[in-house]
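# Commentary on secondary and tertiary structure
In case you want the letters, here they are:
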Amino acid sequence: MNTVMIVTGESSGELYGSLLAKALKAKRPDTHIIGIGGERMKAAGVEMVAGITSSFGISEALAAYKAVKATFKKAVDAMDRFSPRIVVLIDYPDFNIRLAKAAKKKGIKVLYYVSPQVWAWRKGRVKTIAEVSDRIAVILPFEEEIYKGTGVQCEFVGHPVLEEIESLKKDKSALKISLGLDSERPVFALLPGSRPHELKSLLPVMLDVVKKFKAEFSSYNYQFVMPVAPNIDIEKYRDYIVSLQDEGVTIKKENAVNVLSVSELAVIASGTATLQSAFLGTPMVVIYKVSPLSYAIAKLIINVKYVSLINLISETEVVKELLQSEADTKNIMLELKKIMLDKGYREQMIDRFRIARNIFSGRQPSIRVAEMICEMMA
């Protein structure tokens, strides 16, 4: 039996891993898939050897060091125990580059799916990733060019977020009802991210925004929904969750794409959800906060003008990005008012979303990566 190992380190990557597992099972039902991920990958038929252990930023990574080290050992042990033909690595560079080196030493082929954001920082990693990978599948159109001249075969396969979106039911009223929402009332989505530091810093902000928005726009009769990633331990944030629920916010496990698809407005932590919102045509405000130390270091080494994927792809400020101290209630409310009350501004944003989505249309990344795995196993 052919064994494939899929390794991811956070919620968005785990979604891609689950979609890939389903595509691979459909193409090669006899394939044994093991991996590191969460509930979605498990539901897709992946035998889990360890759970997600993610972090972001310098100080956040230090706090998670022991857990990451233990997970790495489990991953290496799994390679020895199951002898996978191929290891598929999804983003998560600090962990996966090390794992790729371990796999290569064991004679296991490496497919890097969802390249780390080397275009933003640590560009020296391009050569390293190329050296430890047999093939690379990238999900952003400008990434293919980065690996030219490295000697590794690299292909732009499209973005798996669009696959998930295209599988949605089109009837918004029915979808609202399935989410336990009023089909007649507008929806305001709150997406605070999936990493511990994101939730810790952004949940208080979102709570304040809900209170302020309800006070100023009560006549609009909005209903508020906050989808949370399936791997989040909600109990750790119980105080904020209860406070949000007291303000009428509906908390949903998973369902981020479903919620965004029925929403008229969204406040979103910078990450994959910004692209989901854009592909769905849902206007948004992007916010983000890390520790002061992480931000200071990031400013020195990150070489991009924008942090949200929709702005990066569009090469212009399609959506407002409010970072660090700017991510406060006042600034968020100003942008929300502009989206709601300035029809031209809102329509221009949605039109640019449509242009960006067209770049990815017609591609089936999970199926293509499954094909690449089969080619590598031949």
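Position numbers for residues start from 1 in each chain and track the written sequence from start to end. Given that this is a predicted model, residues contribute local features only at a pLDDT of at least 70 and side-chain atom pairs are listed and counted only at 80 or more, while totals for whole chains, interfaces and linings are drawn from all residues. Side-chain measures were taken over the full set of non-hydrogen atoms in the model, leaving aside hydrogen atoms and water.

## Section: empty space enclosed by the protein
The distinction between a cavity and a pocket rests on a 1 Å grid over the protein atoms alone: a 1.4 Å probe fits inside a cavity but cannot get out, while a pocket stays open yet meets protein on both sides within 12 Å along at least five of seven lines, and a residue with an atom within 4 Å of a point counts as lining. Grid points are joined across faces, edges and corners, and a volume is the space filled by probe spheres set on the points. Counting across every chain of the model gives 1 cavity of 30 Å³ or more. By volume, the largest cavity amounts to about 40 Å³. Considering the residues around the largest cavity, the lining is formed by L199, L203, M226, V228, I232, I234, Y237 and I241. Note on conventions: DSSP H or I runs of at least 4 residues are helices, E runs of at least 2 residues are strands, and numbering of each starts at the N terminus. Breaking the lining of the largest cavity down by element, the ones donating at least two residues are α10 (196-216) and β9 (223-228).

## Here we look at the nonpolar core
The biggest cluster of nonpolar side chains holds 137 residues, and the ones touching the most others in it are V88, Y113, F188, F213, I287, L336 and I373. When checking whether two residues touch, look at their non-hydrogen atoms; a contact exists if any pair is within 4.5 Å. Dropping the residues within four chain positions of it, L336 is found in contact with F188, V209, F213, L265, V267 and V285. The set of buried Ala, Val, Leu, Ile, Met, Phe, Trp, Tyr and Cys residues whose side-chain atoms join them within 4.5 Å is what this entry labels a nonpolar core. Only protein chains enter the area calculation, which uses a 1.4 Å probe; residues under 20% of their type maximum are buried, those over 50% are exposed, and those in between are partly exposed.

## Topic: the side chain of T8
Looking at the secondary structure, you find T8 in strand β1 (residues 3-8). Of the polar contacts made by the side chain of T8, one reaches the backbone nitrogen of E14; its length is 3.3 Å. In this structure T8 touches G13, E14, I36, G37, M41, I52, I90 and Y92, once residues within four positions along its chain are discounted. A 3.5 Å cut-off defines polar contacts: any pair of N or O atoms within that distance qualifies, except that in protein one atom must be a possible hydrogen donor and the other a possible acceptor, and neighbouring residues in sequence count only when both atoms are side-chain atoms.

## A short note on the packing of α10 against helix α16 (residues 329-341)
Orientation is described by axes fitted as lines to C-alpha atoms, over the contacting stretch for helices, and by angles from 0 to 180 degrees between their N-to-C directions. Where α10 meets α16, the closest approach of the two axes is 10 Å, and the angle between their N-to-C directions is 50°. Between α10 and α16, the angle falls in the class oblique. Seen along the crossing, α10 lies across α16 with a hand that is right-handed. Here V205, D208, V209, K212, F213 and E216 of α10 lie close against α16, whose contacting residues are T329, I332, M333, L336, K337 and M340. Put simply, angles under 35 degrees are roughly parallel, angles over 145 are roughly antiparallel, angles from 65 to 115 are roughly perpendicular, and the rest are oblique. Note: crossing handedness is left-handed where the near helix turns anticlockwise from the far helix by less than a right angle, and right-handed where it turns clockwise.

## Considerations on α10
The terminal C-alpha atoms of α10, which comprises 21 residues, lie 30 Å apart, in line with the 30 Å expected from a rise of 1.5 Å per residue. A maximum bend of about 35° is found in α10 at L202, where proline P204 lies one to four positions downstream. All of the buried residues along α10 are H197, E198, L199, L202, L203, V205, M206, L207, V209, V210 and F213. Multiplying 1.5 Å by the helix residue count minus one yields the expected span of that helix. Think of it this way: the bend at a residue is just the angle between two axes, each fitted to seven residues, one set ending at that residue and the other starting at it.

## Looking at the environment of G37
Secondary-structure assignment places G37 in strand β2 (residues 32-37). Judged by relative accessible area, which is 4%, G37 ranks as buried. Here the alpha-carbon distance between G37 and N231, two residues 194 residues apart in the chain, equals 9.1 Å. With near-sequence residues (within four places) excluded, G37 lies in contact with T8, E14, M48, A50, G51 and I52.

## Let's talk about the sheet that holds strand β5 (residues 109-113)
Note on pairing: two strands pair once DSSP finds at least 2 bridges between them. The strand order β3-β2-β1-β4-β5-β6-β7 describes an open sheet built from 7 strands, whose pairing is parallel. A strand with exactly one partner marks an edge of an open sheet, and here the two such strands are β3 (47-51) and β7 (153-156). Each strand of the sheet is rotated relative to its neighbour by a mean of 15°, with strand direction disregarded. In terms of strand pairing, strand β4 (residues 86-90) meets β5 through 5 bridges, oriented parallel. Across the sheet, residue I86 finds its bridge partner in β5, namely K109. Strand contacts of helix α4 (residues 65-82): β1, β2, β3 and β4, with the helix running at about 155° to β3, the strand carrying the most contacts. Across the face of the sheet, helix α5 (residues 93-105) comes into contact with β1, β2, β4 and β5 while running at roughly 160° to β5.

## Considering the pairing of strand β11 (residues 265-269)
The buried count for β11 comes to 5 of 5 residues, which makes it a mostly enclosed element. Here β11 shows no split at all, with L265, V267 and A269 on one side and A266 and I268 on the other all buried. As paired strands, strand β8 (residues 187-191) and β11 are joined by 4 bridges and run parallel to one another. Along β11, the bridge assignment pairs L191 with I268. A right-handed crossover is one whose linking path, passing over the helix from the first strand to the second, runs clockwise when the strands point away from the viewer. Read from β11 through helix α13 (residues 272-280) to strand β12 (residues 284-288), the crossover connection turns out right-handed.

## Points about the packing of aromatic side chains
Think of it this way: a Phe, Tyr or Trp ring, Trp meaning its six-membered ring, pairs with another when their centres are within 6.5 Å, and the plane angle makes it stacked under 30 degrees, edge-to-face over 60, tilted otherwise. The full count for this structure, using the stated rule, is 12 aromatic pairs. Summarising the aromatic geometry, the rings of Y92 and F95 are spaced 5.1 Å apart at their centres and angled 20° between planes, so their arrangement reads as stacked. Each member of the pair, Y92 as well as F95, carries the same accessibility label: buried. Both rings, one in F188 and one in F224, keep their centres 5.3 Å apart while their planes meet at 35°; by these two values the pair is tilted. One end of the pair, F188, is in strand β8; the other, F224, is in strand β9, with 36 residues separating them in the sequence. One exposure class covers both F188 and F224, and it is buried.

## A look at the sheet that holds strand β10 (residues 250-253)
The strand order across the open sheet built from 6 strands is β10-β9-β8-β11-β12-β13, with neighbouring strands paired in parallel fashion. Of all the strands in the sheet, just β10 and β13 (321-323) have a single pairing partner and so form its edges. In this sheet, adjacent strand axes meet at a mean angle of 20° when their direction is disregarded. The pairing of β9 with β10 spans 4 bridges and is classified as parallel.

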